[in-house]
Amino acid sequence: TQTTLEAIKEEIKQKSVELLHLQFVDIEGTLKQVTVTVEQLNDVVEGKTMFDGSSITGFTPINKSDLYLLPDLNTFAVLPWTEEEEYSEARFLCSVTNPDGTLFEGDPRNILKNTVDKAKEKGFSVNVGPELEFFLFETDEKGEPTNQVADRGGYFEPAPYDLGERVRLEIYRTLKKMGFTIEASHHEVAVGQHEINFKFGDALTTADNATTFKWVVKTVAQQFGLRATFMPKPIFGENGNGMHVNMSLFDEEAGKNAFFDESDSRQLSETAYQFIAGLLTHVSSFAAFTNPLVNSYKRLVPGYEAPCYIAWSASNRSALVRIPATRGAGTRVEIRCPDPSANPYYAFAAIAQAGIDGVENGLEAPVETVDDIFSMTDEEREERGIQNLPTTLGESIQALKDGEIGKKVLGEYALNEYVSLKQDEWDSYRIAVTGWELEKYQAKF
Ligand code: GLN
Ligand code: MG
Ligand code: MG
């Protein structure tokens, strides 16, 4: 459904909105905003708000730094935590435009739009449902996060009515007021770890929702004196934070889910198998988007329900790509390597592009891996042709540079920006001398 300017004006009046936050993301998916007063609404919706693009990570060079914000009316939301005040606040998510009104090619939102448009030309719309996990940590007197988690619960544990549970309830209520459809909320496997699932949607809406979700979770947690983190592996020896991405293609012409085929033994279509093949072929080269941090690769190790090997299966949770049991309109693939530190616009665009590439080139999926991959020996995996996911950010950056997906999705300009940002991050980690090294080596050698 499309939100009209009239409806927005009505809500602004009803809820006494005073301030508008115009939000967008940089190339890491980090939320940025500039705040204007509600009197400026007419100019704002015409895209007249200017900002300095050279001060945003990965945007324009300093000599052509003027960029503009074009709000997406559908993303208008009054911020529930401001509604109790006399005046409240609202936000829009925006696309970034050049001074001549064209879409700025370095904006992650525009990049995802581009991929979605290309898929449309091929007759497909892309549906996405992500599952973002996070930890809640206690904070110290200064409000800085400690290494103490906020609860002792485990997977699906109702627990006594603890802090974690109350925060989750408040997050749910807040998101609901902002227009989310929440499907489930539960304690995750690790102590202090939680998951709240919202309904799938088209790729752009869902990337917007993932961005909003992370912001709301952090905001609400802070109201309880806690720090929410989506970093992939905050605690050694515990499960990390994943962002499983469920994706399906909808065949526009036939008017149905393109992955479902009743006549197949698994009720999956040729298109579905080709899409899976595309994911497996390209995953290493898009891992720098789905798993963008040094820390991401500490999650992708055996024993914590996160994948480390490139394989698919209809039900096996040790595989990278799993096919959830739902069929018919809900037929989809679940890719399990992404983590929630990813820029969702890049991650969804890269995954969709990789899958569609498989469809276009008629790639053939390898045989399904039904056995537990974690318990196989190196030789057994080699026999079956099961390869490893990248094990470091350094490997991922190299694969991104060697592959085609990065350039196809981001274009040359944004890809260069992204690669150089990530290369710097990797280099600074690579040369750092860590506590682990001192502990292991200082006394002994
Ligand atoms: N936390 C796991 C991961 O890192 C996923 C666990 C689950 O959702 N079953 O991906
Ligand atoms: Mg989970
Ligand atoms: Mg899942």
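Residues numbered from 1 in each chain as written. Chains lettered and ligands numbered in written order. Predicted model: local features only at pLDDT ≥ 70, side-chain atom pairs only at ≥ 80, totals over all residues. Heavy atoms only, no water.

Caption draft 1: Seen up close, the overall build of the chain. Of regular secondary structure, the chain possesses 12 helices and 19 strands. Here the C-alpha radius of gyration of the chain, 22 Å, is about what a compact globule of 445 residues would show, namely 22 Å. Counting only C-alpha atoms, the chain reaches 65 × 60 × 50 Å along its principal axes. With 445 residues in all, the chain has 52% of them scored as buried. In the chain, the share of contacts with a sequence separation of at least 24, taken over all contacts with a separation of at least 6, comes to 69%. With the model as given, the accessible surface of the chain reaches about 20400 Å², and the carbon-plus-sulfur share is 48%. Mean positive and mean negative side-chain charge positions of the chain (42 and 70 charges, respectively) differ by 2 Å. (Helix = DSSP H or I, 4+ residues; strand = E, 2+ residues; numbered from the N terminus. Rg over C-alpha atoms; globule rule 2.2 N^0.38 Å. Buried < 20%, exposed > 50% of the residue type's maximum accessible area, 1.4 Å probe, protein only. Contact = heavy atoms within 4.5 Å. Areas by Shrake-Rupley, 256 points an atom, 1.4 Å probe, with all protein chains shown as cover. Lys, Arg positive; Asp, Glu negative; His and termini not counted. Charge placed at Lys NZ, Arg CZ, Asp CG, Glu CD.)

Caption draft 2: Looking closely at the coordination of the magnesium ion (ligand 3). Distances from the magnesium ion (ligand 3) to its protein donors, Glu131 (OE), Glu131 (OE), His244 (ND1) and Glu334 (OE), fall at 2.1 to 2.8 Å. Each donor residue of the magnesium ion (ligand 3) lies on one chain, and together they are spaced E-x112-H-x89-E. The magnesium ion (ligand 2) is placed at 5.4 Å from the magnesium ion (ligand 3). You can see Glu131 sitting in strand 7 (residues 124-139) and its partner Glu334 sitting in strand 18 (residues 333-335), a full 203 residues away along the chain. Glu334 sits in the buried class, given a relative accessible area of 2%. (Donors = N, O, S within 2.8 Å, 3.2 Å for Na, K, Ca; no water.)

Caption draft 3: Region of interest: the site of ligand 1. Neighbouring ligand 1 are the residues Glu133, Glu188, Asn239, Gly240, Gly242, His244, Arg299, Tyr304, Glu305 and Ala306. For ligand 1, a nitrogen atom lies 2.7 Å from a polar atom in the side chain of Glu133. Within the side chain of Glu188, an N or O atom sits 3.3 Å from an oxygen atom of ligand 1. For ligand 1, whose unbound accessible area comes to 300 Å², protein coverage reaches 94%. Partitioned by chemical class, the residues of the shell around ligand 1 number two nonpolar, four polar and four charged. (Near = heavy atom within 4 Å. Polar contact = N/O pair within 3.5 Å; in protein donor to acceptor, adjacent residues only side chain to side chain. Nonpolar A, V, L, I, M, F, W, Y, C, P; charged D, E, K, R; others polar.)

Caption draft 4: Main features of the packing of aromatic side chains. Summed over the entire model, instances satisfying the criterion amount to 22 aromatic pairs. On the basis of an interplanar angle of 65° and a centroid distance of 6.3 Å, the ring pair of Phe134 and Phe213 is categorised as edge-to-face. A residue pair is termed long-range when its members are at least 10 positions apart, and Phe134 in strand 7 and Phe213 in helix 5 (residues 203-223) qualify at 79 residues. Each member of the pair, Phe134 as well as Phe213, is classed as buried. Centre to centre, the rings of Phe213 and Phe230 are 6.2 Å apart; their planes meet at 65°, and the pair counts as edge-to-face. Of this pair, Phe213 sits in helix 5 while Phe230 is found in the loop between strand 12 (226-229) and strand 13 (243-251), placing the two residues 17 residues apart along the sequence. Under the relative-accessibility criterion, Phe213 is labelled buried at 0%. Overall, Phe230 belongs to the buried group, its relative accessible area being 4%. An aromatic cluster of at least three residues, connected via ring pairs, comprises Phe24, Phe51, Phe59, Phe104 and Tyr413. Lying over the aromatic face of Tyr304, Lys233 brings its terminal NZ or CZ to 3.5 Å of the ring centre. (Phe/Tyr/Trp six-rings, centres within 6.5 Å; stacked < 30°, edge-to-face > 60°. Lys NZ or Arg CZ within 6 Å of the ring centre and 35° of its normal.)

Caption draft 5: Region of the structure containing helix 6 (residues 270-290). Compared with the 30 Å implied by 1.5 Å per residue over 21 residues, the 25 Å span of helix 6 between its first and last C-alpha is markedly short. At Val283, helix 6 shows its largest bend, some 70°. Across the 21 residues of helix 6, 18 count as buried, placing the element largely inside the fold. (Expected span 1.5 Å × (residues − 1). Bend = angle between axes of the 7 residues up to and from the residue.)

Caption draft 6: Representation of the confidence of the model for the chain in the model. With 99% of its residues at a pLDDT of at least 70, the chain reaches an overall mean of 95. The ipTM assigned to the predicted complex is 0.97, against a pTM of 0.96. (pLDDT = per-residue confidence, 0-100.)

Caption draft 7: Examining the packing of helix 3 (residues 108-121) against helix 5 more closely. Between helix 3 and helix 5, the shortest axis-to-axis distance is 9 Å and the interhelical angle comes to 155°. Classified by the angle between their axes, helix 3 and helix 5 sit roughly antiparallel to one another. Seen along the crossing, helix 3 lies across helix 5 with a hand that is right-handed. Every residue of helix 5 that contacts helix 3 at Arg109, Leu112, Lys113 and Val116 is listed here: Ala203, Leu204, Ala207 and Asp208. Taken together, the residues of the contact of helix 3 with helix 5 break down into five nonpolar, no polar and three charged. (Axes fitted to C-alpha atoms, helices over the stretch in contact; angles between N-to-C directions. Parallel < 35°, antiparallel > 145°, perpendicular 65-115°, else oblique. Left-handed = near helix turned anticlockwise from the far one by under 90°.)

Caption draft 8: Highlighting the pairing of strand 13. Counting buried positions over the nine residues of strand 13 gives seven, a clear majority of the element. By the bridge criterion, two bridges tie strand 13 to strand 14 (residues 256-257) in an arrangement that is antiparallel. The partner of Phe250 across the bridge, within strand 14, is Asn257. Hairpin connection, strand 13 to strand 14: the antiparallel pair is bridged by four residues, and Gly255 has positive phi, about 70°. (Pairing = 2+ DSSP bridges.)

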